Amino acid sequence: SDGVVTPADPSAELGWDLALRRTELRTNSGTSGPGFGGARIEGAAFDALTETSTLGFVEDQVVTGDRPGSEPTSVNPTLADWFDYDPTVHAVAPTDTTFVLRTADGDLTKLRIWRWQDGVFTLSALPVTPRAEVVEIEVDASSREDVAYVSLRDGAVVEVEDPAADGRWDLAGSRAVFQT
């Protein structure tokens, strides 16, 4: 909503939603920032997309490039599908892909990258309406020792190592005992 911003510390600030560096794209989520960001590929054409599911978003993670000597970097792996690369002429061309971004504060935006020229992007990003859905999640909380953690944002059971520090879970259960 604010256009291009320059946060002092992107890993700790919510004031940004999408970061771009050359062909690498990040969302304010996971290993890139503290927000609720994420991305997923949408099957609908950009112009036709007016509402979308709130589920299925992938958060940022650290990946190592496929070039020798490349350093690990935090990116959104879903957004890596935004371009095709022609190694014979070293050309990058955007694919015909519509993405849905979950912003740092949880709003939904459709994204399409139209052109890329040596790191300069031409893109469109417009809000989309979230579509309410009923999601059934089967949670095995039968263990007396282990706790099952559920993310209502993702509609799925998630693995959690440090419940006090991990903000990905909303509901936890072990037998008949529940936590939020």
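What to know about the overall build of the chain
Of regular secondary structure, the chain possesses 0 helices and 16 strands. Projected onto its principal axes, the C-alpha positions of the chain cover 60 × 40 × 35 Å. Counting all 180 residues of the chain, 33% fall into the buried class. For the chain, long-range pairs separated by at least 24 residues make up 44% of all intrachain contacts whose partners lie at least 6 apart in sequence. In the structure as shown, the chain presents an accessible area of about 11200 Å², 51% of it carried by carbon and sulfur atoms. Computing the positive centroid from 14 side-chain charges and the negative centroid from 31, the chain places the two 3 Å apart.

Concerning the pattern of salt bridges
Opposite charge on two side chains permits them to pair, given that their charged atoms come into close proximity. This structure, assessed with the given rule, holds 7 salt bridges. In this structure, the salt-bridge partner of Arg40 is Glu42, at a minimum N-O distance of 2.9 Å. The two residues Arg40 and Glu42 agree in class, both being buried.

Some thoughts on the pairing of strand β9 (residues 98-102)
Of all the 5 residues making up β9, 5 are buried; the element is thus mostly covered by neighbouring parts of the structure. Residue alternation in β9 divides its side chains into two sets, Thr98, Val100 and Arg102 and Phe99 and Leu101, and both sets are buried. Two elements, strand β3 (residues 38-42) and β9, share 5 bridges in a ladder whose sense is antiparallel. Within β9, the residue paired with Ile41 across the bridge is Phe99. Bridge count for β9 against strand β10 (residues 108-117) is 4 bridges, and the pairing is antiparallel. Residue pairing across strands places Leu101 opposite Thr109, the latter belonging to β10. In this structure, the hairpin formed by β9 and β10 is closed by a connection of 5 residues, where Gly106 is found at a positive phi of approximately 100°.

Regarding the packing of aromatic side chains
Under the defined criterion, the tally for this structure stands at 6 aromatic pairs. Pairing Trp82 with Trp116 gives two aromatic rings, centres 6.2 Å apart and planes at 55°, and the pair type is tilted. Residue Trp82 is located in the loop between β6 (72-75) and β7 (83-86), and its partner Trp116 is located in strand β10; the two are separated by 34 residues in the primary sequence. Each of the two residues, Trp82 as well as Trp116, counts as buried. Aromatic rings pair up to connect Trp82, Phe83, Trp116 and Phe121 into one cluster.

Some thoughts on the nonpolar core
By size, the foremost hydrophobic cluster in this structure holds 11 residues: Leu25, Ala39, Leu79, Trp82, Val92, Phe99, Leu101, Leu111, Ile113, Trp116 and Phe121. Secondary structure elements with two or more residues in this core: β9 and β10. By residue number, the principal contributor to this core is β10, which donates 3 residues. Once you skip the residues sitting within four places of it in the chain, Leu101 turns out to touch Leu18, Thr27, Gly38, Ala39, Phe57, Leu79, Asp107, Leu108, Thr109 and Leu111.

Here we look at the layout of surface pockets
When its volume is computed, the largest pocket comes out at roughly 1100 Å³. When residues of the lining of the largest pocket are traced back to their parent elements, those giving at least two are β1 (18-21), β2 (24-27) and β11 (120-127). Its residues assigned to classes, the lining of the largest pocket shows 15 nonpolar, 9 polar and 8 charged.

Notes on the sheet that holds strand β14 (residues 156-158)
Strands sit in the order β14-β13-β15-β16 across an open sheet of 4 strands; the sheet is antiparallel. Strands with a single pairing partner mark the edges of an open sheet, and in this sheet they are β14 and β16 (177-179). Across this sheet, the average inter-strand angle for adjacent strands is 30°, counted without regard to direction.

Rules used throughout
- Residues numbered from 1 in each chain as written.
- Predicted model: local features only at pLDDT ≥ 70, side-chain atom pairs only at ≥ 80, totals over all residues.
- Heavy atoms only, no water.
- Helix = DSSP H or I, 4+ residues; strand = E, 2+ residues; numbered from the N terminus.
- Buried < 20%, exposed > 50% of the residue type's maximum accessible area, 1.4 Å probe, protein only.
- Contact = heavy atoms within 4.5 Å.
- Areas by Shrake-Rupley, 256 points an atom, 1.4 Å probe, with all protein chains shown as cover.
- Lys, Arg positive; Asp, Glu negative; His and termini not counted.
- Charge placed at Lys NZ, Arg CZ, Asp CG, Glu CD.
- Salt bridge = Lys/Arg side-chain N within 4 Å of Asp/Glu carboxyl O.
- Pairing = 2+ DSSP bridges.
- Phe/Tyr/Trp six-rings, centres within 6.5 Å; stacked < 30°, edge-to-face > 60°.
- Core = buried A, V, L, I, M, F, W, Y, C linked by side-chain atoms within 4.5 Å.
- 1 Å grid on protein atoms, 1.4 Å probe; cavity = no way out; pocket = protein on both sides within 12 Å on 5 of 7 lines; lining within 4 Å.
- Points joined across faces, edges and corners; volume = space filled by probe spheres on them.
- Nonpolar A, V, L, I, M, F, W, Y, C, P; charged D, E, K, R; others polar.
- Axes fitted to C-alpha atoms, helices over the stretch in contact; angles between N-to-C directions.

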